[in-house]
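Observations on the model geometry
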Amino acid sequence: MEREKLRYSVSRKNIFVKLSALLMGLSALLRLFGYWGFWANKDAAFIYTQIALPVLCNVLFIIIILYMGKRLFSLTAIPVILGVVFFIIKALGFDSVLHTILCILLYLLVAMLYTGTVFGVVRTKWLLLPLFGLPFVYHILVEDRNTFLANENAMSLAEWLPEISVLCIMLALFFITFAMKKRDFSKPEPDEQEIIDILTQNEDPVPNKETVPSKNIETEDEHE
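The structure contained in this document is the topic of the report that follows. (Residues numbered from 1 in each chain as written. Predicted model: local features only at pLDDT ≥ 70, side-chain atom pairs only at ≥ 80, totals over all residues. Heavy atoms only, no water.)

According to the stated counting rule, one finds 9 aromatic pairs in the structure shown. A ring pair is formed by F86 and F87, whose centres lie 4.7 Å apart and whose planes are at 55°; its orientation type is tilted. In this pair, the class of F86 matches that of F87, namely buried. Pairwise contacts between aromatic rings join F16, W126, F174, F175 and F178 into one cluster. (Phe/Tyr/Trp six-rings, centres within 6.5 Å; stacked < 30°, edge-to-face > 60°. Buried < 20%, exposed > 50% of the residue type's maximum accessible area, 1.4 Å probe, protein only.)

Right under this line is the structure:
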């Protein structure tokens, strides 16, 4: 098997693909609802980078895994990288410089490891599970703890909906990892091979020279 032919693919029938698409769609809706009515108080840069950009990433990811996942799953690197840009811009607004630096380093690691995995450079997909799973656990246990406990430091609804949107993205990427299957693109899939066989069978057979009567023989028969 050639190394460059090895890529990951996903099937839209897979339950994890459907779950991932559902979570990405939910993420887009929650972000829109979270800022609905507040857009008038935001500048254009915020609207483009913190609302339009993540929603675009959600939609692109859904389209790719549902309609191009079998052969072009590696294209999901595009919305993931764009999503990393969104998270980096978001991190620049954190109060703590150390928190900002650590988050940016994590986001860059996500971009490099995910891209390397879907393009076959990283030969295992299982590194993606802690990459997406651990930040999700951190958000739940640390950053969102006060909100779950409903104490005085709990987030407002306007803050909580975008946070849930981020959690949905992490879960979607976590679940899509289970749906990723290695595929050798030098060989057709069974359904593709069946189509190839049908087309091959329907082709007109090439005449065999030995079975085609010679014009000279026909002429001799006529003279007799």
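Of the volumes computed, that of the largest pocket is approximately 1,100 Å³. Counting residues per element, the ones that place at least two in the lining of the largest pocket are α1 (15–35), α2 (44–67), α4 (77–91), α5 (97–118), α6 (128–143) and α8 (157–179). Considering each element in turn, the lining of the largest pocket owes the most residues, 8 residues, to α8. In terms of residue class, the lining of the largest pocket is made up of 29 nonpolar, 8 polar and 7 charged. (1 Å grid on protein atoms, 1.4 Å probe; cavity = no way out; pocket = protein on both sides within 12 Å on 5 of 7 lines; lining within 4 Å. Points joined across faces, edges and corners; volume = space filled by probe spheres on them. Helix = DSSP H or I, 4+ residues; strand = E, 2+ residues; numbered from the N terminus. Nonpolar A, V, L, I, M, F, W, Y, C, P; charged D, E, K, R; others polar.)

Turning to the environment of T115, a few remarks are in order. Inspection of the secondary structure puts T115 in helix α5. On a C-alpha basis, the gap between T115 and L75 in space is 9.1 Å, while along the polypeptide they are 40 residues apart. Beyond its immediate sequence surroundings of up to four residues, T115 is in contact with A77, I81 and V110. (Contact = heavy atoms within 4.5 Å.)

Ranked by size, the top nonpolar core spans 41 residues in total, and within it V10, F61, I65, F73, Y114 and I176 carry the most contacts. For this core, the secondary structure elements donating two or more residues are α1, α2, α4, α5, α6 and α8. The element that contributes the greatest number of residues to this core is α8, accounting for 11 residues. (Core = buried A, V, L, I, M, F, W, Y, C linked by side-chain atoms within 4.5 Å.)

Here the focus is the side chain of R31. Relative to the assigned elements, R31 resides in helix α1. The side chain of R31 sits in the buried core without any salt bridge; E163 is the nearest counter-charge, 7.2 Å away. Leave out the neighbours within four places in its chain, and R31 touches Q50, I51, P54, F86, P162, S165 and V166. (Lys, Arg positive; Asp, Glu negative; His and termini not counted. Salt bridge = Lys/Arg side-chain N within 4 Å of Asp/Glu carboxyl O.)

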